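Observations on the model geometry
Residue-level listing of the chains:
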Amino acid sequence: MTLLAGAAEVVITPPVGTALDGYGGRAGGSVAVHDDLYARAIVVDDGVTQAAIVGCDLIGVDRRLVAAARERASAATDIPAAHIMIAATHTHAGPAGLRRDRDEALTDVTARTIAGAIAAAHRDRRPAVLKAGRGSVDSVSQNRRDPAGPYDPALRVLLFDAPDPRDGAIAAIVNFACHATVLFSTNMAISADYPGYAVRTVQQIIGGAPVVFLNGACGDVNPAWIEQRYDEAARVGSIVGAEAARRLQELRPLGVGQKVWNIRWDELTDKAVSSGELIAEPAVRVASRNVAVPLRALDAPEAYDRRIAGLDRRLGGAPDAGLAHEGEAAHARGTASSAPTAGDDDPALARGAASSAPTAGDDGPALARGAASSAPTAGDDGPALARGAASSAPTAGDDDPALARGAASCAPTAGHDGPALARGASSSAPTAGDDEPALARGAASSAPTAGDDAPGRGPDSSIEERRLAMEQMTRYRTERGVAERLGPGAAGKLLHPEVQAIALGGGCVVLGLPGECFAETGQAVQAAAGLPHLLIACYANHYVGYLVPRHAFAEGGYEPGAAMLDETAEQTVRTAAIELVRSLLGPTDQ
């Protein structure tokens, strides 16, 4: 069976002045373009089935953006809409308005441009050879909830090579799991962060072919940096990109072989390729499933106020300690990037959801007034696209304003970005009556006084007490905003995000998940699937916020506080993902 593959990349950089997504506390819109944002598409065709995989330099993609891009791309090609996967790299220096506080004009032009990339990749199809490999990068990422916690150093690559590798690569996919947060909230220029540098590094080495970057299960994984600057984003990206480029280059001889001139015997000898494998029998298969996951049952905001006040007393009365250093407060303000689909639109949810205006730095209305209305960029130029482009307006019940704006409007919490915690509040212990679960797990009943070096009361005990209090303070501050936005009628209402898998044969599967999964979730899916080449693309086809393992809710911290979905959601999505991958496996995949 002959595999065809085509690829294209188009610029999706929004106008300067567009608000940036990913951090709280940003005032005003972007002030410059540091580096362009791209949508990169790969189309695969085995003669029976076609599919497209798209990576976008965005923080997330809303289901309505995806639906519009799929519809337009399908109208311009013969790829079924359900066979198109659109994922985000999760840069925190990209435009707001595409997953919450929706900017309709920006959403429309972005959808058209993504569709144009798919159409251009479809036109570029030509015979291809699929090769798969794996490397490792363990120097630039770490679990951000616990330095000793899990993270995935694996770097997975797919190469769509020309049958004769001397003709050059057609495209590549790079899959690595780490938050794109080298750049901080002080950055006001548009940037793809380290994934953009990783892609450029690969392209410089393999000859300029489009490279799709898919970010993995990194909901609790952050990058390591010397300082949060562009040169550090470049350093981290070049490390990831160099490892990817090395593995891709090592794959090139597969199928044609490589030789060594043996001068002692005056003959050519073979040198085996030990990195990766040639997928001898490629076969494209696609499956997707919408899973039912419930919104959380949360307390009234007043209950959180009492808890926060008690924790604040324990932490020394520094109410806003470290708030400016919160890592991703925009997630806290906007875990729901679009309204629910059919069945998600219970009137009680619409009545109960708060309608408060965006918080400081969340200036959606201004963005809507000033958004670009430009025509599609290069690649979006087919008459069929123009004729077939739907306005993708929300369906009845799919337009709840509070959900569209996001699940939480709270300000950044302390402790989510190491430096703030280190500089922050004192380690005073809890007072009686402040029934904080985490503190009950092991905190002392009073803070150590100066010179109080009795056994069990040394510096380590003091640090642990402060951490136990801070992880709950972080959770409750964030969770309060989620409760306020969702309102009392949200509990138990269902969302139906999509889980999608595209199999390519030979144990190669690209799995798309709709939210921010923890590293342990990705590892559990990898172990259960047992495939040699499973690429997990989080932030795919929709954004439903954090999918938090049940145990992490009791541990506290930012992600459980910002989660819109309840304690069962992670298990539901994980089980569906494993079942979906297994349903696609053929005899050549094991």
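As shown above, the structure is provided for reference.
Structure report, in brief. Only a predicted model underlies this, so the values are computations on that prediction, with no experimental measurement involved.

In this section: the state of the cysteines. The full count for this structure, using the stated rule, is zero disulfides. Left without a disulfide partner, Cys218 is nearest to the cysteine sulfur of Cys538, which lies 6.6 Å away. According to the relative accessible area criterion, Cys218 is buried, its value standing at 0%. In this structure Cys538 is a free cysteine whose sulfur lies 4.2 Å from that of Cys517, the closest cysteine sulfur available.

With that settled, the discussion passes to the packing of helix H14 (residues 519–529) against helix H17 (residues 569–584). It is at 10 Å that the axes of H14 and H17 come closest, and there the two elements cross at 30°. Classified by the angle between their axes, H14 and H17 sit roughly parallel to one another. Handedness of the H14/H17 crossing: right-handed. Contact with H14, carried on its side by Thr521, Ala524, Val525, Ala528 and Ala529, involves Glu570, Arg574, Ile578, Val581 and Arg582 of H17 and no other residues of that element. The residue makeup of the contact of H14 with H17, split by class, is six nonpolar, one polar and three charged.

Of all hydrophobic cores here, the largest spans 106 residues; its most connected members are Ile118 and Leu511. Per element, the largest residue contribution to this core is nine residues, and it comes from helix H2 (residues 104–123). Excluding its chain neighbours within four sequence positions, the residues that come into contact with Leu511 are Met85, Val499, Gln500, Ala501, Val525, Leu534, Leu535, Ile536, Ala537, Ala577 and Val581. Among the nonpolar cores identified, the runner-up in size contains 29 residues, and Leu214, Cys508, Leu535 and Ala540 belong to it.

Moving on: the pairing of strand S4 (residues 38–45). In terms of burial, S4 is largely enclosed, as seven of its eight residues are buried. Once S4 ends, the chain turns through four residues before running back antiparallel as strand S5 (residues 50–56), passing Gly47 with a positive phi of about 95°.

Another point: the sheet that holds strand S22 (residues 508–512). The mixed open sheet is built from four strands, whose spatial order is S18-S21-S22-S24. Looking at which strands have only one partner, the edges of the open sheet turn out to be strand S18 (285–290) and strand S24 (533–537). Shown here is a sheet whose adjacent strand axes are inclined to one another by a mean of 15°, direction ignored. Pairing between S18 and strand S21 (residues 498–505): six bridges, direction antiparallel. Its bridge partner being in S21, Ala287 is matched across the sheet by Ala501. This element, H17, spans S18, S21, S22 and S24 of the sheet and lies at about 155° to S18.

Judged by how many residues are buried, strand S10 (residues 154–161) sits mostly within the fold: eight of eight residues are covered. Judged by which residues are buried, S10 turns out to be covered on both faces: Ala154, Arg156, Leu158 and Phe160 on one side and Leu155, Val157, Leu159 and Asp161 on the other are all buried. As judged from the eight bridges shared by strand S8 (residues 126–136) and S10, these two strands associate in the antiparallel manner. Considered in S10, the bridge of Gly133 is made with Val157.

With respect to the secondary-structure elements, His83 resides in the loop between helix H1 (63–76) and strand S6 (84–88). Within the structure, the side chain of His83 is placed 2.8 Å from the backbone oxygen of Gln50, a separation counted as a polar contact.

On to H14. Three or more residues of H14 are buried, namely Ala519, Thr521, Gly522, Val525, Gln526 and Ala529. Down the axis of H14, the sector holding all buried residues measures 165°, keeping them to one side. If you follow the buried residues of H14, they end up packed against S10, strand S14 (221–223), S22, strand S23 (516–517), S24 and H17. Downstream of H14 by one or two residues, Gly530 has phi in the positive range, about 65°.

Basis of the calculations
The numbering scheme is per chain: residues are counted from 1 as the chain's sequence reads. Local features are withheld for residues below a pLDDT of 70 in this predicted model, meaning they are given only at 70 or higher, and side-chain atom pairs are given and counted only at 80 or more; totals for whole chains, interfaces and linings count all residues. Where side-chain values are given, they derive from all heavy atoms of the structure, hydrogens and water being excluded. Two cysteine sulfur atoms form a disulfide, by the criterion used here, when they sit within 2.5 Å. Burial here depends on accessible area, computed with a 1.4 Å probe over protein chains only, as a share of the maximum for the residue type. Under 20% is buried, over 50% is exposed, and the range in between is partly exposed. Helix axes are fitted to C-alpha atoms over the stretch in contact, other axes to C-alpha atoms as well, and angles between N-to-C directions run from 0 to 180 degrees. The secondary structure listing takes helices from DSSP runs of H or I that are at least 4 residues long and strands from runs of E that are at least 2 residues long, numbered from the N terminus. If an angle is under 35 degrees, it is roughly parallel; if it is over 145, roughly antiparallel; if it lies from 65 to 115, roughly perpendicular; otherwise it is oblique. It is the rotation of the near helix from the far one that decides the hand of a crossing: anticlockwise by less than a right angle makes it left-handed, clockwise makes it right-handed. We call two residues contacting when some pair of their heavy atoms lies within 4.5 Å. For this classification, the nonpolar set comprises Ala, Val, Leu, Ile, Met, Phe, Trp, Tyr, Cys and Pro, the charged set comprises Asp, Glu, Lys and Arg, and every other residue, Gly included, is treated as polar. Only buried residues count toward a nonpolar core. Its members are Ala, Val, Leu, Ile, Met, Phe, Trp, Tyr and Cys residues joined through side-chain atoms within 4.5 Å. Two strands pair under a simple rule: DSSP has to find at least two bridges between them. Each polar contact in these results corresponds to two N or O atoms within 3.5 Å; when the atoms are within protein, one needs to be able to donate a hydrogen and the other to accept it, and residues that are neighboring in sequence are counted only if both atoms are side-chain atoms. What the arc describes is the spread of directions from the helix axis to the C-beta atoms.

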